[in-house]
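Listed here are the chains, written in short residue letters.
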Amino acid sequence: MKTIAEINEKIQQGKAVVVNAEEVIDLVKEKGVKKAAQHVDVVTTGTFGPMCSSGIYFNIGHSKPRIKLGGGRVYLNDVLAYPGLAAVDVFLGANALPDDDPRNRVHPGDFNYGGGHVIEELVAGKDIRLMATAYGTDCYPRKRLETWINIKNLNEAVLFNVRNAYQNYNVAVNLSDKTIYTYMGVLKPRLGNVNYCSAGQLSPLLNDPYYRTIGIGTRIFLGGGIGYVAWQGTQHNPDVPRTETGVPKRGAGTLAVIGDLKRMSPRWLVGTSMYGYGVTLTVGIGVPIPVLDEEILRHAAVTDAEIYAGVVDYSDAYPNLKADIVGEVSYAELKRGTVKLQGKKVPTGSLSSYSRAMKIAETLKGWILRGEFLLTEAVAPLPGVESGVTFKPLKERPLEI
Amino acid sequence: MAVSKRVVLHFPRRLVEQPVIYRLVKDYNLEFNILRASITAEPEEEGVLVLQLKGEQEEYDRGIKFLLKSGLKIQSLSQDITRNEERCTNCGACVTICPPGAFEVDPKTRQVEFDHEKCVACGLCIKACPPRAMEVHF
């Protein structure tokens, strides 16, 4: 019906019709899928939640005399980073902690500062303290380096997240008798609360459930700047139970994303502390969906009432890798503030910010309407339902003694 | 005119063993409800009591004067827990954590509203907030 090239032409002429993934719902109700698909060119999505598997890498440039950090140790504001790539390339993961953080020694630990916070401060333009030790070689003689670094002087600074933007996610509860502290937040005993973490009807992969337009190479909103889908994310698991319209009912597809950290903003990359669990990074991602045909639009018009997620007990089923679920609930129910589980009305809380996800979808819409952001053809598709790609558990093999 | 206010009382160590609150009831007809109490054995630290006080304005004012004269420091509660609006991402992780339900999601905007009036300064939201947007000031 339409091609991405045609849509890009309309964007450049300022004639493209762009709506966000919430607006498109009413539009389809009003006009019907057929007419709406002719009318709308792009649907913008958004999500803003804590996303582990996020990280950055950068190159600090060579000191005089030279130092080879690979094989040595590097700390950024006392947070352990990974230098094992080469001489002066450093990788920092969102979950990293300072060596002297007490962690959960007194449970639950606070986790006030770690990799996610260093990333936020670096993006904000703050100076970061780098302390490194190395073993010294003939060509890289130096053994110690202590210096301030700043993002504006780094040779490359790249956000590279190996698993973001989960297509649906577990809804978390606690069936035990004591409060538990998880990456899904504080869960009160005996079904005291329910936490969920998805933008639902606004979330990128829930609007393109079979990855028809989102693929490797797709240009996206990432952390306030521009990024790309680099690969399927780790734990990408397309073959999960789906509703009749194809919406996954469990955590399914994921994205690995990459982008220029120098053009991102601390408003959309926020250092995050999960009490008793650890630190992470809250990441903003928005993906445009080109309306190439009616089916793509029908999927993009998905509503919270049509998206279901499994409710998982984080006191037993999750830690012990049991497949049991407590039940299934829709995002419409979750957003109403209480859900019924085991005959009990349980209050709901979200870890993903819908209002900020909406701002992302609107920002992306603005970029496209102003002709500042063109759509890309995927270079290769993400593995689909038939691909055989699954998320396998670890099969432990005891080490021989 | 009747008033109902929440106050934070800081007890210097020498006052911890005196029945200050009893005098509020007995001499000033004030009704009290303890929202939070922390009494410490450390010699250098002070005791903190968060109270809801109800009574006639005139008697309330006289009661507060009596507390100040006794050597207590008083803060009104609304100053104690604040939200850093810049850091808050409006996710909603606080909503089910707060015992008096001071956080509510606006169904239209999906923004999380913080109602200071309902806050009892228990502090549970401080660490439950992922971006650590809730701040306590004593």
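Residues numbered from 1 in each chain as written. Chains lettered and ligands numbered in written order. Predicted model: local features only at pLDDT ≥ 70, side-chain atom pairs only at ≥ 80, totals over all residues.

Caption draft 1: Just the overall build of chain A, in detail. When its secondary structure is counted, chain A shows seven helices and 26 strands. Rg of the C-alpha trace for chain A: 22 Å, near the compact-globule value of 21 Å for 401 residues, within the 12% margin. Taken along its principal axes, the extent of the C-alpha atoms in chain A is 70 × 60 × 40 Å. Of all 401 residues assigned to chain A, the portion counted as buried reaches 49%. (Helix = DSSP H or I, 4+ residues; strand = E, 2+ residues; numbered from the N terminus. Rg over C-alpha atoms; globule rule 2.2 N^0.38 Å. Buried ≥ 20, exposed ≤ 12 C-beta atoms within 10 Å, placed from the backbone.)

Caption draft 2: Focus on the sheet that holds strand E1 (residues 2–11) of chain B. Residues and elements named next belong to chain B. Pairing is antiparallel across the open sheet formed by four strands, whose spatial order is E2-E3-E1-E4. Two strands in the sheet have a free side with no partner beyond their single neighbour: strand E2 (31–38) and strand E4 (73–76). Pairs of neighbouring strands in the sheet enclose a mean axial angle of 25°, with direction left out of account. Both E1 and strand E3 (residues 47–56) contribute to a ladder of 10 bridges, which runs antiparallel. (Pairing = 2+ DSSP bridges. Axes fitted to C-alpha atoms, helices over the stretch in contact; angles between N-to-C directions.)

Caption draft 3: Looking closely at unusual backbone geometry. All names here are of chain A. In this structure, Pro 65 follows Lys 64 across a cis peptide bond, with omega equal to -5°. Inspection of the secondary structure puts Pro 65 in the loop between strand E4 (55–59) and strand E5 (73–76). With omega at -5°, the peptide bond leading from His 107 into Pro 108 counts as cis. Within the secondary structure layout, Pro 108 lies in the loop between strand E7 (89–93) and helix H4 (115–123). The phi angle at Arg 190 is positive, at roughly 50°, despite the residue not being glycine. Mapped onto the secondary structure, Arg 190 falls in the loop between strand E13 (185–187) and strand E14 (194–196).

Caption draft 4: Quick peek at the interface of chain A and chain B. Every contact between the two is made by 23 residues of chain A and, on the other side, 17 residues of chain B. Secondary-structure elements contributing two or more residues to the side of chain A that touches chain B are strand E3 (47–50), E13, strand E19 (269–274), strand E25 (344–350) and helix H7 (354–369) of chain A. By residue class, the composition of the side of chain A that touches chain B is nine nonpolar, 12 polar and two charged. (Contact = placed C-beta atoms within 7 Å. Nonpolar A, V, L, I, M, F, W, Y, C, P; charged D, E, K, R; others polar.)

Caption draft 5: Quick look at the domain arrangement of chain A. Residues and elements named next belong to chain A. The domain architecture assigned to chain A consists of domain 1 (4–51 + 160–382) and domain 2 (55–159). Every contact between the two is made by 27 residues of domain 1 and, on the other side, 26 residues of domain 2. Sorting the residues of the side of domain 1 that touches domain 2 by element identifies strand E10 (156–164), strand E18 (255–260), E19 and strand E20 (278–286) as the ones contributing at least two each. Here the side of domain 1 that touches domain 2 gets six residues from one element, more than from any other, and that element is E19. Tallied by class, residues from the side of domain 1 that touches domain 2 come to 14 nonpolar, 11 polar and two charged. (Domains from an automatic or database assignment.)

Caption draft 6: Broad picture of helix H2 (residues 57–70) of chain B. Residues and elements named next belong to chain B. With 14 residues, H2 should cover 20 Å at 1.5 Å per step; its first-to-last C-alpha distance of 20 Å lies within 8% of that length. Those residues of H2 that are buried lie in contact with E1, helix H1 (20–28), E3 and E4. Phi turns positive one or two residues past the end of H2, at Gly 71, with a value near 110°. (Expected span 1.5 Å × (residues − 1).)

Caption draft 7: Seen up close, the sheet that holds strand E21 (residues 288–290) of chain A. Residues and elements named next belong to chain A. Taken together, the three strands give an open sheet; going across it, the order is E1-E2-E21, and neighbouring strands pair in mixed fashion. The open sheet has two edge strands with one neighbour each: strand E1 (18–20) and E21. Going from strand to strand, the sheet's axes swing by 25° on average, the running direction of each strand aside. Bridge count for strand E2 (residues 42–44) against E21 is three bridges, and the pairing is antiparallel. Along E21, the bridge assignment pairs Thr 44 with Pro 288.

Caption draft 8: Region of interest: the pairing of E1(B). Across four bridges, the pairing between E1(B) and E4(B) is antiparallel. Residue pairing for E4(B): His10(B) is matched across the bridge by Lys73(B).

Caption draft 9: The arrangement of the environment of Met131(A) in detail. All names here are of chain A. With respect to the helices and strands, the residue Met 131 is situated in strand E8 (residues 128–133). Looking at Met 131, the number of C-beta atoms within 10 Å reads 14, which means it is partly exposed. In sequence terms Met 131 and Leu 187 are 56 residues apart; their C-alpha atoms lie 38 Å from each other. Apart from residues no more than four positions distant in its own chain, Met 131 is found in contact with Tyr 75 and Glu 146.

Caption draft 10: Looking closely at the pairing of E5(A). All names here are of chain A. Pairing geometry for E5 and E8, over four bridges, is antiparallel. Across the sheet, residue Tyr 75 finds its bridge partner in E8, namely Met 131. Bridging between E5 and strand E6 (residues 79–81) involves three bridges; their strand directions are antiparallel. Note on E6: the bridge partner recorded for Tyr 75 is Leu 80. The hairpin formed by E5 and E6 contains two residues between the paired strands, and Asn 77 there has a positive phi angle of roughly 50°.

Caption draft 11: Region of the structure containing the confidence of the model for chain B. Per-residue confidence for chain B gives a mean pLDDT of 88, with 93% of residues at or over 70. This complex was scored by the predictor with a pTM of 0.90 and an ipTM of 0.95. (pLDDT = per-residue confidence, 0-100.)

Caption draft 12: Looking closely at the domain arrangement of chain B. Residues and elements named next belong to chain B. Domain annotation for chain B reports domain 1 (2–78) and domain 2 (81–133). Between domain 1 and domain 2, the C-alpha centre-to-centre distance is 26 Å. Across the boundary between the two partners, domain 1 contributes six residues, which contact five residues of domain 2. Taken together, the residues of the side of domain 1 that touches domain 2 break down into four nonpolar, one polar and one charged.

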